[in-house]
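Report on the structure
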Amino acid sequence: MDKYRHILLATDFSEHAERAAERAKELADLYQARLTLLHAVEDLVLYDEFYDPVIPDRLEVDQERLNRGHEMLVKLAERIGAKEAHSEARLGYPKAVILEYAEEQKVDLIVVGSHGHRGLARLLGSTARALVNDAPCDVLRVRLPG
Ligand code: AMP
């Protein structure tokens, strides 16, 4: 059986994803695989009282949010002892961003938290569920202990 060569950790910076990041690092070491940390910066659309989208200076706001996401990924890489990992922040809907990246970069294992910021309110987080159904590779959904 082939070893994993490129492991993708997708994070929304929740405690669930933090745990998944630790597991992803452990697996990357075990398989001597490349590790990429990915964060999807979700589109922000605010509406005024006429339901017209309010976009102050869209490109600038998006770029700032992407930069901030990238900085947070670099800090995460340091926390889990994976300074060599590639950090990537992309704009878009998480499921679409993660699937697109996985296909484009020939990822063979996607690691996610079982839930996101909304925690256990949903039985199985929607991003995790969508990935399990649609990913072109293996998906590991990591649970918090307890
Ligand atoms: P959710 O489906 O939102 O409950 O999230 C489940 C898991 O999907 C999280 O623990 C993350 O690993 C991943 N995830 C959710 N949102 C994002 C995002 N914006 N960017 C990257 N990964 C995400």
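These numbers were taken from a predicted model, which means no experiment stands behind them.

Procedures and definitions
Residues numbered from 1 in each chain as written. Predicted model: local features only at pLDDT ≥ 70, side-chain atom pairs only at ≥ 80, totals over all residues. Heavy atoms only, no water. Helix = DSSP H or I, 4+ residues; strand = E, 2+ residues; numbered from the N terminus. Rg over C-alpha atoms; globule rule 2.2 N^0.38 Å. Contact = heavy atoms within 4.5 Å. Buried < 20%, exposed > 50% of the residue type's maximum accessible area, 1.4 Å probe, protein only. Polar contact = N/O pair within 3.5 Å; in protein donor to acceptor, adjacent residues only side chain to side chain. Salt bridge = Lys/Arg side-chain N within 4 Å of Asp/Glu carboxyl O. Near = heavy atom within 4 Å. Areas by Shrake-Rupley, 256 points an atom, 1.4 Å probe, with all protein chains shown as cover. Nonpolar A, V, L, I, M, F, W, Y, C, P; charged D, E, K, R; others polar. Pairing = 2+ DSSP bridges. Axes fitted to C-alpha atoms, helices over the stretch in contact; angles between N-to-C directions. Phe/Tyr/Trp six-rings, centres within 6.5 Å; stacked < 30°, edge-to-face > 60°.

1. Some points on the overall build of the protein chain
For the protein chain, the count of helices and strands is 4 helices and 7 strands. Overall, the protein chain shows an N-to-C arrangement of helices and strands of β-α-β-β-β-α-β-α-β-α-β. For a compact globule of 146 residues, the expected C-alpha radius of gyration is about 15 Å, and the protein chain comes in at 16 Å, within 12% of that figure. In the protein chain, of all internal contacts separated by at least 6 residues, the share reaching a separation of at least 24 is 74%.

2. Comments concerning the side chain of His115
By the secondary structure assignment, His115 is in the loop between strand 6 (109-113) and helix 4 (126-134). By relative accessible area, which is 6% here, His115 ends up buried. A polar contact of 2.8 Å, which involves the side chain of His115, links it to the side chain of Ser114.

3. Examining the pattern of salt bridges
In this structure the tally under the stated criterion is 9 salt bridges. The partner of Glu18 in a salt bridge is Arg79, with the nearest N and O atoms 2.7 Å apart. Linking Glu18 in helix 1 (residues 15-31) with Arg79 in helix 2 (residues 58-79), this pair joins segments that are 61 residues apart in sequence. Several salt bridges converge on common partners, so that one network encompasses Glu88, Arg90, Glu100 and Glu104.

4. Considering the site of the ligand
In the vicinity of the ligand, 19 residues are found, and the nearest of them are Ala10, Ala40, His115, Gly116 and Thr127. In the environment of the ligand, an oxygen atom lies 2.6 Å from a nitrogen or oxygen atom belonging to the backbone of His115. Here an oxygen atom of the ligand and a backbone polar atom of Thr127 are 2.6 Å apart. Considered on its own, the ligand offers 490 Å² of accessible surface; in the complex 95% of this is hidden by protein. Each residue belonging to the shell around the ligand can be placed in one class, and the counts come to 8 nonpolar, 9 polar and 2 charged.

5. A few points about the environment of Gly69
Among the structural elements, Gly69 can be located in helix 2. By relative accessible area, which is 4% here, Gly69 ends up buried. Here the alpha-carbon distance between Gly69 and Glu88, two residues 19 residues apart in the chain, equals 8.4 Å. Excluding residues that lie within four positions of it along the chain, Gly69 makes contacts with Phe13, His39 and Ala89.

6. Regarding the sheet that holds strand 2 (residues 34-41)
The 5 strands lie next to each other as 5-2-1-6-7, forming an open sheet whose pairing is parallel. Unpaired on one side and paired on the other, strand 5 (86-91) and strand 7 (138-142) mark the two borders of the sheet. Put simply, the sheet's adjacent strands are angled 25° from each other on average, direction ignored. Two strands pair when backbone bridges link them, and strand 1 (residues 6-10) and strand 2 are joined in this way by 5 bridges, in the parallel orientation. The residue bridging His6 from the neighbouring strand is Arg34, located in strand 2. Strand contacts of helix 2: strand 1, strand 2 and strand 5, with the helix running at about 155° to strand 5, the strand carrying the most contacts.

7. Here we look at the packing of aromatic side chains
Counting across every chain of the model gives 1 aromatic pair. Between Tyr4 and Tyr31, the aromatic rings sit 5.1 Å apart at their centres with planes inclined by 75°, giving edge-to-face as the arrangement. Here the residue Tyr4 occupies a position in the segment before strand 1, and Tyr31 occupies one in helix 1, the gap between them amounting to 27 residues. Classification of Tyr31 as partly exposed rests on a relative accessible area of 27%.

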